[in-house]
Amino acid sequence: MKSVGELQNDYRAIEERVLHFITEHSSVEYVQDSEKVVEGGAFSWASLNSEDEILQTQLRIDYVTVAELARQKLELSDSKYLIDFDRSSEAVLGYIRQNSMLWIPSLAAAAEAAKIEIDLQKFLLAQA
């Protein structure tokens, strides 16, 4: 099993890839008439081209691998933060899968939200 330090390094590499994927290979679209329901409106992810779909799939696989190893470390240390870790991991997967609505209008904001979740996971891992 990888050490916490090795997993932290893996997380740093994944974080760079996630941020790059969101800001350089993704786009969002305004959901028409959504401002009638939510202040500021809602946004959805635009469809990816086939090359970006391949990138997305590999990123998802790599992220899940790192997150599963980190979760195992947390389980072995009897972490009381497994629920927080799982929620955070699911949020990052949402940004990678791009299968949910967004309440933020920019890719930079989406990337920052993903970064915050990954930083949380690295912090929780450091507690193991």
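Heads up: the structure comes first, above all this text.
So, a few notes on the structure that sits alongside this text. (Residues numbered from 1 in each chain as written. Predicted model: local features only at pLDDT ≥ 70, side-chain atom pairs only at ≥ 80, totals over all residues. Heavy atoms only, no water.)

The subject of this paragraph is helix H4 (residues 107-126). Compared with an ideal rise of 1.5 Å per residue, which puts 20 residues at 28 Å, H4 spans 28 Å between its outermost C-alpha atoms and is within 8% of the ideal. All of the buried residues in H4 are Leu107, Ala110, Ala111, Ala114, Glu117, Ile118, Gln121, Lys122, Leu124 and Leu125. For H4, the angular spread of buried residues about the axis comes to 165 degrees, placing them on one side. Tucked into the core, H4 has its buried residues touching helix H1 (4-25), strand E1 (28-30), strand E2 (43-45), helix H2 (50-76) and helix H3 (82-97). (Helix = DSSP H or I, 4+ residues; strand = E, 2+ residues; numbered from the N terminus. Expected span 1.5 Å × (residues − 1). Buried < 20%, exposed > 50% of the residue type's maximum accessible area, 1.4 Å probe, protein only. Arc of directions from axis to C-beta. Contact = heavy atoms within 4.5 Å.)

On to the packing of H1 against H2, then. Between H1 and H2, the least distance of the axes is 10 Å, while the angle of their chain directions is 150 degrees. The pairing of H1 with H2 is recorded here as roughly antiparallel in orientation. As H1 packs across H2, the resulting crossing turns out to be left-handed. In this structure, H1 uses Val4, Leu7, Asp10, Tyr11, Ile14, Arg17, Val18, Phe21 and His25 to contact H2, whose residues at the interface are Asp52, Leu55, Gln56, Gln58, Leu59, Asp62, Tyr63, Val66, Ala67, Leu69, Ala70 and Lys73. Looking at the contact of H1 with H2, its residues break down into 13 nonpolar, three polar and five charged. (Axes fitted to C-alpha atoms, helices over the stretch in contact; angles between N-to-C directions. Parallel < 35°, antiparallel > 145°, perpendicular 65-115°, else oblique. Left-handed = near helix turned anticlockwise from the far one by under 90°. Nonpolar A, V, L, I, M, F, W, Y, C, P; charged D, E, K, R; others polar.)

Here we come to the packing of H2 against H3. Contact geometry for H2 and H3: axes closest at 10 Å, N-to-C directions at 175 degrees. Judged on the interaxial angle alone, H3 and H2 are roughly antiparallel. Residues Gln56, Leu59, Arg60, Tyr63, Val64, Ala67, Ala70, Arg71, Leu74 and Glu75 of H2 form the contact with H3, whose participating residues are Leu82, Phe85, Asp86, Ser88, Ser89, Val92, Leu93, Ile96 and Arg97. Residue classes in the contact of H2 with H3 are distributed as eleven nonpolar, three polar and five charged.

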